[in-house]
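Okay, here's what each chain looks like letter by letter:
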Amino acid sequence: MAARTLNNVDLETLVSLSKRRGFIFQSSEIYGGLGSVWDYGPVGVELKRNVKDLWWKAMVRDRDDIVGIDGAILMHPDVWVASGHVESFTDPLVECGNCNHRYREDKLEDDSCPNCGEKAFGPARQFNLMFETHAGAVQTEENVVYLRPETAQAMFVNFDNVQTTTRKKIPFGIAQQGKSFRNEITPGNFFFRTREFEQMEMEFFCEPGTDDDWFRFWIDFSLNWYKGLGLRADKVRERSLGNDERPHYAKASTDVEFMFPWGWDELETISNRTDHDLNAHAAKSGKKLEYFDQEKNEHYVPYVVEPAMGADRSSLAFLADAYDEEGEGKEQRVVLRFHPDVAPFQVAVLPLSRNEKLVPKAREVYDIVRPLFNTQYDDAQSIGRRYRRQDEIGTPLCVTVDFETVESDDAVTIRNRDSMEQVRVPVSGLVAAISDQVAQMRKDAVG
Ligand code: ATP
């Protein structure tokens, strides 16, 4: 993996870099912000899009046993009754009798208030995390709908639709990415726990009895996915959840954790959801949700193993892991050592200055590179500042057009983000040279 000088970045540094370079902004900032809601800026949106596309490719496009869907955020309210969310998707809420701050009881270190230090918590009450609204013009009990707190349920209620239209044989999976909403009591740690976020989930339907093996398979798949995209191996681990930590529907759950700036914390949960969800929806809806095994000539309700990952949390992990600082004095720089496929931009094309001879040539080079690599064109400020800016957003390669390019050799300079080495290559060989360097950086990113 790309060697780092810095082992761990602190959160304030990451927050300020994110704002300065356009990764993440506070939502509605000019109005003072909205608690625990964030907007991705022009650089951050590319990072998150890469994370989502890489997951989709690994999960759906590269496999013939998984298909995708894109379900709606709003669903029939009975879905959430059947799934158990109306009854038990709750966190224990406690309020400090002295300063009235509210906390999630299970996230408190002891019985004193983190805000005022008093030991004055009242009794815990169960607080449902689902956001409620109403469908239609009249606000009555009957037309309550929920913003989905997870994407998984659309995969369960569409099990039959997907199976009959694709003719998939078990084992097979259904994957989905999309927004989920939870009215978290104590959100925080930048965009680690937010009230609106995006999930990437896959429900893998398998024969009962094979579920334990698939559970292990999907844990390994996730660990390898993260490490294969450059997360340092010693910063990713699995942790099996005890009986009291597991969601209500799970026979077994394992978290994939990452060493965030504040310590180990959850990136993803892989759960063995058994036949809980299909049975619950069949009972509530009155529609059978079964699989017919033609070879055995028997019907059964499949078991489900689910990897449930957050697109935002993963993006935060990639960002924190990439952050590095090196050098001293004038030579000091901040550099994000992203895997080249995760990096928001792979290439930046930079004319040495805004000189009228250089700009058209640089635009020509930009047009050659852009269809093949996510590329930024940048001609503002001095070349040194532009290199620094590209280092700070983690762009693997900068291509510089100078006077020699237009006056003598029709060649450009490629500067490597990690080694800062510069090589001169003819424009005619530029795409091949970039491809070689990107391929090498892919290899270097994996330890
Ligand atoms: P936590 O205990 O951290 O609140 P959870 O265990 O309730 O999360 P799951 O229900 O297992 O989370 O959700 C699966 C994944 O979705 C999580 O691992 C995480 O990546 C993401 N996720 C869940 N809640 C949030 C949130 N509030 N903000 C951002 N991502 C979230």
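Definitions and limits used
- Residues numbered from 1 in each chain as written.
- Predicted model: local features only at pLDDT ≥ 70, side-chain atom pairs only at ≥ 80, totals over all residues.
- Heavy atoms only, no water.
- Helix = DSSP H or I, 4+ residues; strand = E, 2+ residues; numbered from the N terminus.
- Buried < 20%, exposed > 50% of the residue type's maximum accessible area, 1.4 Å probe, protein only.
- Contact = heavy atoms within 4.5 Å.
- Areas by Shrake-Rupley, 256 points an atom, 1.4 Å probe, with all protein chains shown as cover.
- Lys, Arg positive; Asp, Glu negative; His and termini not counted.
- Charge placed at Lys NZ, Arg CZ, Asp CG, Glu CD.
- Salt bridge = Lys/Arg side-chain N within 4 Å of Asp/Glu carboxyl O.
- Polar contact = N/O pair within 3.5 Å; in protein donor to acceptor, adjacent residues only side chain to side chain.
- Near = heavy atom within 4 Å.
- Domains from an automatic or database assignment.
- Buried area = accessible area lost by both parts, 1.4 Å probe.
- Nonpolar A, V, L, I, M, F, W, Y, C, P; charged D, E, K, R; others polar.
- Core = buried A, V, L, I, M, F, W, Y, C linked by side-chain atoms within 4.5 Å.

(A) Highlighting the overall build of the chain. Counting its regular elements, the chain contains 13 helices and 23 strands. If you line up the chain on its principal axes, its C-alpha atoms span 75 × 65 × 50 Å. Within the chain, the proportion of its 447 residues that are buried is 51%. Long-range pairs, those at least 24 residues apart, make up 66% of the contacts in the chain with a sequence separation of at least 6. Of the roughly 20,900 Å² of accessible surface on the chain, 47% is carried by carbon and sulfur atoms. Side chains of the chain give 54 positive and 75 negative charges; the mean places of these two sets differ by 4 Å.

(B) Molecular detail of the pattern of salt bridges. Across all of its chains, the model carries 43 salt bridges by this definition. A salt bridge links Arg4 to Asp321, with the shortest nitrogen-to-oxygen separation between them at 3.1 Å. With Arg4 in the segment before α1 (11-21) and Asp321 in helix α9 (residues 311-322), the pair connects residues that are 317 residues apart, well separated along the chain. Exposure remark for Asp321: the relative accessible area of 2% places this residue in the buried category. One salt bridge connects Arg354 with Asp379, and the closest N-O pair in it is separated by 3.1 Å. Taken together, the residues Arg354 in the loop between β19 (347-351) and α10 (358-369) and Asp379 in the loop between β20 (375-377) and α11 (383-392) connect sequence positions 25 residues apart. We classify Asp379 as buried; its relative accessible area is 18%. A cluster of three or more residues bridged by salt bridges with shared partners is formed by Asp324, Glu326, Arg333, Arg337, Asp391, Arg415, Arg417 and Asp418.

(C) Structural detail: the side chain of Thr375. Position of Thr375 relative to the elements: it lies in strand β20. Judged by relative accessible area, which is 7%, Thr375 ranks as buried. A polar side-chain atom of Thr375 sits 2.7 Å from the main-chain carbonyl oxygen of Phe373. In contact with Thr375, not counting residues within four places along its chain, are Phe345, Val347, Val349, Tyr366, Val369 and Arg370.

(D) Layout of the site of the ligand. Around the ligand, the structure places 16 residues, and the nearest of them are Glu184, Arg193, Thr194, Glu266 and Leu267. The contact in question runs from an oxygen atom of the ligand to an N or O atom on the side chain of Glu266, over 2.6 Å. At a separation of 2.9 Å, an oxygen atom of the ligand approaches a polar backbone atom of Leu267. Relative to its unbound accessible area of 590 Å², the ligand is 88% covered by the protein chains. Contributions of two or more residues to the shell around the ligand are made by β10 (196-206), β13 (263-274) and β16 (303-310). Top element by residues in the shell around the ligand is β13. It accounts for four residues.

(E) Quick peek at the domain arrangement of the chain. Domains assigned within the chain are domain 1 (11-76 + 146-319) and domain 2 (345-445). Each of domain 1 and domain 2 has a C-alpha centre, and these two points are 37 Å apart. Taken together, the contacts link eight residues of domain 1 with six residues of domain 2. In total, about 660 Å² of surface goes out of reach between domain 1 and domain 2, with carbon and sulfur atoms giving 50% of it. By the criterion of area lost to domain 2, the three top residues of domain 1 are Arg21, Val43 and Glu46, representing 62% of everything that side buries. Linking domain 1 to domain 2 there are two salt bridges. Between Arg21 and Glu392 there is a salt bridge; the shortest N-O distance is 2.8 Å. Taken together, the connections running from domain 1 to domain 2 amount to three residue pairs in polar contact (both at pLDDT 80 or more). Here the side of domain 1 that touches domain 2 takes three residues from α1, the largest share from any one element. Residue composition of the side of domain 1 that touches domain 2, grouped by class: four nonpolar, one polar and three charged.

(F) Up close: the nonpolar core. Among the nonpolar cores identified, the biggest contains 58 residues, and Phe23, Trp55, Met59, Trp218, Trp225, Phe318 and Phe338 are the most heavily contacted of them. If we skip the residues at most four places from it in the chain, Trp218 touches Met59, Arg63, Ile66, Met202, Phe204, Ile270, Val305 and Pro307. Listed in part, the 26 residues of the second largest apolar core include Tyr146, Phe156, Ile170 and Tyr300.

(G) Here's a closer look at the environment of Asp293. Note that Asp293 resides in strand β14 (residues 291-293). Each C-alpha atom of the pair Asp293 and Asp70 lies 27 Å from the other, and the pair is 223 residues apart in sequence. Apart from residues no more than four positions distant in its own chain, Asp293 is found in contact with Glu298 and Tyr300. Among the polar contacts listed, one links the side chain of Asp293 to the backbone nitrogen of Glu295, at a separation of 3.1 Å.

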